[in-house]
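# Structure at a glance
Spelled out, the chains give:
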Amino acid sequence: MSVTLISTKTESNKKILSSTEALQQILAFASLIILIIFFSLASENFLSWSNIEGILLSTTVIGILALGTTFVIITGGIDLSIGTGMTLTSVMTGVFIVFLGLPVIMGIIGGILMGALIGFISGFSVSVLKIPPFIATLAMMMIAEGLSLVISGASPIYFSDVEGFNLIALGSISPVLSIPNAVLIFFLMVIIGWILLSKTIVGRYTFSIGSNEEATRLSGINVKKWKMIIYTIAGCFTGVAGVIMASRLNSAQPSLGMGYELEAIAAVVIGGTSLSGGKGSLIGTLIGALIMSVLTNGLRIMSIPQEWQTVVIGLVILLAVYFDMLRKKGE
Amino acid sequence: MSVTLISTKTESNKKILSSTEALQQILAFASLIILIIFFSLASENFLSWSNIEGILLSTTVIGILALGTTFVIITGGIDLSIGTGMTLTSVMTGVFIVFLGLPVIMGIIGGILMGALIGFISGFSVSVLKIPPFIATLAMMMIAEGLSLVISGASPIYFSDVEGFNLIALGSISPVLSIPNAVLIFFLMVIIGWILLSKTIVGRYTFSIGSNEEATRLSGINVKKWKMIIYTIAGCFTGVAGVIMASRLNSAQPSLGMGYELEAIAAVVIGGTSLSGGKGSLIGTLIGALIMSVLTNGLRIMSIPQEWQTVVIGLVILLAVYFDMLRKKGE
Amino acid sequence: GGDSTETGSNDSGSDNTQNEENNESSGESATTDNEDGETSEDKPYVAIISKGFQHQFWQAVQRGAEKAAEEFNVEITFEGPDNESQVDKQIEMLQTALDKNPDAIGFAALDSQAAAPLLENAKEKDIPVIAFDSGVNSDIPVTTASTDNYAAAAEAAHKMAELIGEEGKVALVVHDQVSVTGVQRRDGFIETMEKEYPNIEIADTQYGGGDHLESTNLAKAMMQAHPDLAGIYGTNEGSAIGVVNAVRELGKESEVTIVGFDSGKQQIDAIKDGVMAGAITQNPEGIGYETVKAAVDTLNGKEVPETIDTGFYWYDADNIDSEEIQAAIYE
Amino acid sequence: MSGKILEMKNISKTFPGVKALSNVLLDLYPGEVLALIGENGAGKSTLMKILTGIYQKDAGHIFYNNQEIAPTNPKEAQELGINIIHQELNLMPDLTVAENIFIGREPRDFLNFFLNNKELNQKAEALFERLNIKLNPRTKISKLTVAKQQMVEIAKALSFNAKVLIMDEPTAALTDKEINTLFNIINWLKNEGVSIIYISHRMEELKRISDRITVMRDGEYIDTLPTETTEMKQVVSLMVGREIKIEQKTSNPDTFTETILEVNNLNNHYLKDVSFHLRKGEILGFAGLVGAGRTEVARAIFGADSFTGEIIINGSKVSIKQPVDAVNHGIGYLSEDRKRYGLMLDMTVKENIAISSLSKYTMASFVKPSNIKKDAEEYSTKLKVKTPSVNQRVKLLSGGNQQKVVIAKWLLKNSDILIFDEPTRGIDVGAKQEIYELLESLAKEGKSIMMISSELPEVLRLSDRIMVMNEGRITGELLSKDADQKRIMELATKHY
Ligand SMILES: Nc1ncnc2c1ncn2[C@@H]1O[C@H](COP(=O)(O)OP(=O)(O)OP(=O)(O)O)[C@@H](O)[C@H]1O
Ligand SMILES: Nc1ncnc2c1ncn2[C@@H]1O[C@H](COP(=O)(O)OP(=O)(O)OP(=O)(O)O)[C@@H](O)[C@H]1O
Ligand SMILES: [Mg+2]
Ligand SMILES: [Mg+2]
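In this numbering scheme, every chain counts its residues from 1 along its sequence in written order. Chain letters and ligand numbers both follow the written order, the letters beginning at A and the numbers at 1. Local features in a predicted model are, by the rule used here, given only for residues with pLDDT of at least 70; side-chain atom pairs are given and counted only at 80 or more, and totals for whole chains, interfaces and linings are based on all residues. Heavy atoms throughout the structure, all of them, feed into the side-chain values; hydrogens and water do not.

As recorded in an unreviewed UniProt entry, chain A goes by the name Ribose transport system permease protein, listed as coming from Gracilibacillus ureilyticus.

Moving on to the overall build of chain C. Under the DSSP-based scheme used, a helix requires at least four consecutive residues in state H or I and a strand at least two consecutive residues in state E, with every element numbered from the N terminus. Each helix and strand counted, chain C has eleven helices and twelve strands in total. Every one of the 331 residues in chain C was classed for burial, and the buried ones make up 66%. Long-range pairs, those at least 24 residues apart, make up 74% of the contacts in chain C with a sequence separation of at least 6. Three exposure classes are used, based on accessible area relative to the maximum for each residue type with a 1.4 Å probe and protein chains only: buried under 20%, partly exposed in between, and exposed over 50%. By definition, residues are in contact when any of their heavy atoms lie within 4.5 Å.

Right, let's get into the sheet that holds strand β5 (residues 143-146) of chain C. All names here are of chain C. Two strands pair if DSSP finds at least two bridges between them. Here we have six strands laid out as an open sheet, ordered β2-β1-β3-β4-β5-β11, and parallel in their pairing. Either end of the sheet is taken by a strand with one partner, and the two such strands are β2 (75-79) and β11 (307-309). Sheet twist, expressed as the average angle between the axes of neighbouring strands with direction ignored, equals 15 degrees. Relative to β11, β5 runs parallel, the two sharing three bridges. Along β11, the bridge assignment pairs Thr 144 with Thr 307. Every axis in this analysis is a line fitted to C-alpha atoms, fitted for helices over the stretch in contact. Angles between the N-to-C directions lie between 0 and 180 degrees. Across the sheet, helix α3 (residues 87-99) lies against β1 (45-49), β2 and β3 (104-107), angled at about 170 degrees from β1, the strand it touches most.

With that settled, consider a nonpolar patch on the surface. Residues and elements named next belong to chain A. In this scheme, patches are assembled from residues that exceed 30% relative accessible area and form no salt bridge. Like charges are connected within 9 Å, while nonpolar side chains (Val, Leu, Ile, Met, Phe, Trp, Tyr) are connected within 5 Å. Accessible areas in this description were obtained via Shrake-Rupley with a 1.4 Å probe; residue shielding takes into account the shown protein chains only. In what follows, salt bridge is the name for a side-chain nitrogen of Lys or Arg lying within 4 Å of a carboxyl oxygen of Asp or Glu. The grouping of Val 98, Phe 99, Leu 100, Leu 102, Ile 105, Met 106, Ile 109 and Leu 113 at the surface amounts to a nonpolar patch, some 740 Å² of accessible area in total. Counting only elements with at least two residues in the nonpolar patch, the list comes to α3 (82-99) and α4 (104-127). In this fold, Leu 102 is placed in the loop between α3 and α4. Using a relative accessible area of 34% as the deciding quantity, one classes Leu 102 as partly exposed.

Residues and elements named next belong to chain C. Extensive coverage of β1 is indicated by the burial of five of its five residues. The alternating pattern of β1 places Tyr 45, Ala 47 and Ile 49 on one face and Val 46 and Ile 48 on the opposite face, and all of these are buried. Relative to β2, β1 runs parallel, the two sharing five bridges. Considered in β2, the bridge of Ile 49 is made with Glu 79. Orient the strands so they point away from the viewer; a crossover is then right-handed if the path from the first strand over the helix to the second runs clockwise. Each parallel crossover has a hand, and for β1 linked through helix α2 (residues 56-72) to β2 it is right-handed. In the sheet, β1 pairs with β3 via four bridges, with the strands oriented parallel. Its bridge partner lying in β3, Val 46 is registered against Ala 104.

With that out of the way, let us pick up the interface of chain D and chain B. Interfaces are often sized by the accessible area lost when the parts come together. At the interface, 41 residues of chain D touch 28 residues of chain B. Close ionic contact of Lys 279 of chain B with Asp 346 of chain D constitutes a salt bridge, the shortest N to O distance being 3.6 Å. Whenever a nitrogen or oxygen atom comes within 3.5 Å of another N or O atom, the pair is scored as a polar contact, on the condition that within protein one atom can donate a hydrogen and the other can accept it, and that pairs from neighbouring residues in sequence are kept only if both atoms are in side chains. For the pair chain D and chain B, the number of links is eight residue pairs in polar contact (both at pLDDT 80 or more). Only α10 (323-328), α11 (338-342), β18 (366-367), α13 (369-382) and α14 (399-413) of chain D provide two or more residues apiece to the side of chain D that touches chain B. Asp, Glu, Lys and Arg are counted as charged, while Ala, Val, Leu, Ile, Met, Phe, Trp, Tyr, Cys and Pro are counted as nonpolar; the rest, among them Gly, fall into the polar class. In terms of residue class, the side of chain D that touches chain B is made up of 20 nonpolar, 13 polar and eight charged.

What follows is about the site of ligand 1. Residue and element names in this part refer to chain D. Note on definitions. A residue lies near a molecule or strand when any single heavy atom of the residue is within 4 Å of it. In the region of ligand 1, 20 residues are neighbours, and Gly 41, Ser 45, Thr 46, His 201 and Leu 396 sit closest. Gly 43 has a polar backbone atom sitting 2.9 Å from an oxygen atom of ligand 1. The contact in question runs from an oxygen atom of ligand 1 to an N or O atom on the backbone of Lys 44, over 2.9 Å. Here ligand 1, which alone exposes 640 Å², has 86% of that area covered by the protein. Secondary structure elements with two or more residues in the shell around ligand 1: β2 (18-28), α1 (44-51) and α14. Element by element, the count of residues in the shell around ligand 1 is highest for α1, at three residues. Each of domain 1 (6-240) and domain 2 (253-492) gives at least three residues to the shell around ligand 1. Segmentation of the chain into domains, including their bounds, is taken from an automatic or database domain assignment.

Let us now look at the nonpolar core. Soluble globular proteins: nonpolar side chains tend toward being buried together. Residues Phe 134 and Ile 317 of chain A, Ile 317 of chain B, Phe 107 of chain C together with Phe 276 and Ile 301 of chain D are the most contacted members of the largest nonpolar core, which totals 274 residues. Two domains each put at least three residues into this core: domain 1 (6-240) and domain 2 (253-492) of chain D. Apart from the residues within four sequence positions on either side, Ile 317 of chain B is in contact with Ile 135, Ala 139 and Met 142 of chain A together with Ala 266, Ile 270 and Met 292 of chain B. Here, nonpolar core refers to any group of buried Ala, Val, Leu, Ile, Met, Phe, Trp, Tyr and Cys residues whose side-chain atoms link them within 4.5 Å. By size, the runner-up hydrophobic cluster in this structure holds 49 residues, among which are Ile 85, Ile 133, Ile 179 and Ile 213 of chain D.

Before going further, it helps to examine empty space enclosed by the protein. Buried and open spaces are told apart on a 1 Å grid over the protein atoms alone, a cavity being a set of points where a 1.4 Å probe fits but cannot get out and a pocket being an open set with protein on both sides within 12 Å along at least five of seven lines. Residues with an atom within 4 Å of a point are the lining residues. Grid points are joined across faces, edges and corners, and a volume is the space filled by probe spheres set on the points. Under the counting rule described, the total for this entry stands at ten cavities of 30 Å³ or more. In this structure, the second largest cavity is lined by 17 residues; those nearest its centre are Leu 218 of chain A together with Gln 78, Asn 83, Ile 84 and His 86 of chain D. For the lining of the second largest cavity, the class distribution of residues is nine nonpolar, six polar and two charged.

Each aromatic ring pair is described using two quantities: the centre-to-centre distance and the angle formed by the ring planes. Stacked, tilted and edge-to-face are the three classes applied to pairs of Phe, Tyr and Trp rings, where Trp contributes its six-membered ring and a pair requires centres within 6.5 Å; stacked means planes under 30 degrees apart, edge-to-face means over 60, and tilted covers the rest. Applying the stated criterion to the full structure yields 26 aromatic pairs over all chains. Ring plane angle 35 degrees and centroid distance 6.4 Å describe the contact between Phe 120 of chain B and Phe 124 of chain B, whose orientation is recorded as tilted. Linking Phe 120 of chain B with Phe 124 of chain B, this pair stays in helix α4 (residues 104-127), spanning four residues, or about one helical turn. Take Phe 120 of chain B: its relative accessible area is 36%, and that puts it in the partly exposed class. An aromatic cluster of at least three residues, connected via ring pairs, comprises Phe 38, Phe 39 and Phe 46 of chain A. Geometry around Phe 261 of chain C places Arg 185 of chain C over its ring, the cationic atom sitting 4.0 Å from the centre. The lysine or arginine in question, Arg 299 of chain D, covers the ring of Tyr 341 of chain D, its NZ or CZ lying 5.3 Å from the ring centre. Charges are assigned to positions over rings by a cutoff of 6 Å between ring centre and Lys NZ or Arg CZ, combined with an angular limit of 35 degrees from the ring normal.

Time to look at the interface of chain A and chain B. Contacts between the two partners involve 37 residues from chain A and, on the opposite side, 37 residues from chain B. Summed over both partners, the accessible area (1.4 Å probe) lost when two parts come together is defined as the buried area. In total, chain A and chain B occlude about 3,400 Å² of area from one another, counting both sides; carbon and sulfur atoms represent 90% of this. Counting the contacts that link chain A with chain B gives zero salt bridges. Across the contact surface, chain A and chain B share zero residue pairs in polar contact (both at pLDDT 80 or more). Secondary-structure elements contributing two or more residues to the side of chain A that touches chain B are α5 (133-152), α11 (260-270) and α13 (306-330) of chain A.

A separate point is the relation of the copies chain A and chain B. Residues below a pLDDT of 70 in either copy are left out; the C-alpha atoms of the rest, at least 70 in both, set the least-squares superposition of the copies. With an axial shift of 0.1 Å and an RMSD of 0.1 Å, the rotation relating chain A to chain B amounts to 180 degrees. One copy is carried onto the other by what is essentially a two-fold rotation axis. Among all C-alpha atoms of chain A, that of Gly 259 of chain A lies closest to the rotation axis, at 4.3 Å. Here 100% of the contact residues of chain A are again contact residues in chain B; the copies associate through an equivalent surface.

Right, dumping it as structure tokens:
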């Protein structure tokens, strides 16, 4: 009798659950739409195709970084090394292609592997050395910053002589609308990430570790190994971002990157991923990254003075996360 | 009988406990000493009084920020707004003294109150609005950054015409050795912070909240209120750092500050405070801050190329925290 | 005359020994010439504190300084903060440099007022200070080797006006809102336009921090907001390249006139390609060279002029290959 | 070693400052249920954690199927066929029931890399069917009550086809219904030849389920007895080293006159019109099935959850919006999950005891630590908290002793109204008896106690009056003299 009771409760609960989740995504998406409507009313030029393309293009680098770091954040960690790590990967791409004269494709793979290596080291520090992620990746951030300068000799590495390198990001293989490749790659990374996170074993363990690391370990999962894998995957995303960055600037700029990590993390959190781990989605991160770049672009198009832009973005982050909290509380 | 047993056990355990704690402090202190010995062997100028003074002086700002943020970190939170928040307080000090012509002392108090206000707003966002500290203070960081530029009109505010303002930091009221006031103020803040953290009810609740916030709430503590108080206290430290910064530069530099939060947090963590809350000490933070500035200074005085300096500091952070972990594990 | 020991420093004997040891331990960054270990004791040591070290411009200044160091047989170290807002970091570098008891100091102040107490300190120690890049607002420096940024920006404005036929809208992408160079390069341009070209409207001014990607994104947004822009002026290398990228990405090469500042391979290429109309260059190697030369002359008791104008040049496709320009630009 | 599936010999283990095990023995035959009992802190959990590779032993040998083993992690033990249901829940709250059960063994598609969620849920459903448990495999753990979470833990352990199954207090969070289900499962497993080590503080269960009983005390092996021929009294005295007898409550309802707490029409997301009153010196028991809403009532009154309704304390209506209000009105609350809601695990015994009463030790916000230590020592001695000193971190105490620390906190605070939610959960008989006596003496001193318990004998033993709940409503009220288990159960299953 009481058994029946339990099962009916469960059923209704399920319905509530899925509709709340849907609501959540709709709401996050709604903020984005509201921003877009607001800016299109404020400026005629906002909704022009070329501006939309510009917004998408400006989302790519931060967006890809944010995708990768979503994995890490869902495990309950954080990755501060993605900004300068990205720089280091673009420098290494430059080294491979320009200094060592390797073919472009090898350079790209090399850059992504460099990203993977950075992620692996962070993952190793976090899981094997047990250094808290914040501090391990803070250290990694500094190391990557220094190494970028050391390796490049503190001067940009130019790809001007490498034919077609620029096209990786800015060419377009899309038959319609000539969407830049960087944007296509970004969406491809969203899909790859989404598959990894929701369809594979890696994704399952990502959520599991973030939800209760100790219980995961006691369930016989090799948490150390999987954490390293997850950080390494995040590192691959960093690598891809680095390559796109290099291609878009047609150069590896060794002194860039600091501060990008905070923007990426902000995008992740606006997208509804919880910093305490266990909860999150890549579609959310995509929306979060778009919110950030729509906001920046819109404020610029409205010629709001820079200092006010910063204030407004800060306030929007506060509000976005506050409403997300309310929503979750209402759940 | 069992009572006697308990009491004997108590004695012995107490000894063990206090000796482990002492060991920990000794070990942290040991890294500092090793660094100092290393650098004094590497460069004769390192131990010159004026360099020691320089090291101490360069510890003050980051050190005071680190002291304040130690409170926040012990509650299990984090404060990313301290860097630009400090800038905003120094700008406000400039506004009060230079623009509004208030007496210096009023300007100082005003600056500190501004810091308190920033801390209060962060605390409010964290405890009442339930926004995770990382994101609440990230937003606050951006808001403070923007406001500093807005309020100052994006140009430094100079205190050149304010007599004696420079002496707040650089004068010396100490009868011996002419230790700059900034250093004395720093040590004073260490003492104030230490008293607050270990002798008062605020300190108790700081640890208690960090150890288990929900249990603290259910023990009848008004956690919201105390969190706001704790963030506000941290904000006061930010304010003091802002005033010292202004005095030392004899100007309020509105675009400074970004990145200081990470240095301060690194100092806190090197000093043995746990980012997951519940554990930490201000003496540790003092040592952590000294390690950071001795390292920076030592590398500079050895004329190590700058890019390598960053790498070395990153590695030292990793090592320091790693050994701290080992130590705690051994406990 | 590189063998002079009469540095004007009253306790030179012991100081020089110390310097020498320093330099031995730091071989890498100093321009050493150690074929004859014993004579290196006689080599004067000049510590150079610049405004940055990561950027191309400062790397070029460093090259010039190193060239002079080799020529005049002195040892130098060259360092600067990560970015031009870090006034206090620069002060600390200056402090550390003073503690190394150099024979002379080369200094490019981010904020002269903030540095005033340390310059006094240098004076007390009888260490001559050579100011470079932008003037140090103090009578302590023996000379100043600098570019007049305001005049250079005015020249950029004249060229821009000429290129767009003295009418239309122009916009600025500025690298910094607060630093002296950022402000002068902005104001020199804007004020010249306002005063002398009534038909030219300044449509927008935004700040990209000298970050290539950021500047690209914001220049694109600007062109979206003002589709009829006739020209854009970028105030340093990163800003100018950002503008070039933006114009390229939008395919507006034939519509928008770009005027840049500083040099670097990408600007040079853009000029050769005709995307960029031309740019102002300072003479960074000249600045570095003159700074060290002035230091050596001072140490040798020679008269040095009160200011050394290192000049600036307008360069475009026509004169880029001239000897004069080639000497001033760097790839 | 004929026929033994497992033999642990001379196992010793020392934690910093605590000798948890010394020369402990244990043996286990195929298809038997071995009860492992002992007071709180006797070392039962530690011994089992060594067996399952979570802790490493300092000395001793483990033989499994006559082969020496030394598992270094839980997975190794699992692979050998040794599985454990931990005393503490070990679930991932953000994953679903099925995902939790099959973590690490997910059904996969190609490349062994892609998940097959359909098969996963089917497997879970099949498992539940086999075990006769009703659970939805797709529900997130965080949406389940503690009891249902415990069922998930049990299902998870059973899904392994273990040869040795350890259950560390599996029934602590269960009510009779689920306990019956569990016991059916255990009997079925026995028939399958699975050996079970069963840890519990509920003496009455041992008779029902175990074949032999191994008793531990203070980290040492005491004895092993066959259940059938052994008197429970004997086991208990072996366990605590003295005699204990359990009495029945007989109280005169007329002795209580002064109403101290009155609750009228309490409503919230789960509760419906809950009204009752509590009188000075009275112990008011709350009985009910899992999910009856007793904890909800306690949390609402304490201000931990929001509610509408009226609360009257000492004749005046009070507003309670958060726990601090309740505490200021003299209410103390001991929660059902001490680790999550009761303790600062990283802090010391004395700090935990003093946390609610700090203002007592404060002058101008300066805290006087010496008085705290004195009082904490007084209370921990009074409650016989087994700890090397009050400076020990609470994390390192055994479950029962942790519970005593929470009780000490409210005693020190001197709250007039005490709400005890499952006060003896996970506490051994000896300590239970002490806590019963404690509650009684508190009531005698004039404290008023609201006591929630899922153990009916406990409710009957202590309560002067009993409120029974079901589905968020009060379904009846019984005086102690009229109450028995049958009448309570009738009310507890009564529907509206
Ligand atoms: N990780 C640890 N560090 C230090 N001491 C520990 C640790 N784990 C357990 N102990 C101590 O070892 C002893 C045995 O604890 P254990 O948890 O095995 O007891 P138990 O018999 O399971 O008790 P309970 O019935 O209360 O669960 C206790 O004194 C406990 O405080
Ligand atoms: N935050 C909540 N949201 C929705 N339902 C809840 C919440 N908290 C509890 N419930 C539900 O309310 C019911 C009452 O739970 P409660 O914990 O009060 O029962 P209980 O009588 O104390 O039983 P026990 O503690 O033994 O499980 C349960 O069915 C539970 O699922
Ligand atoms: Mg146990
Ligand atoms: Mg309950």
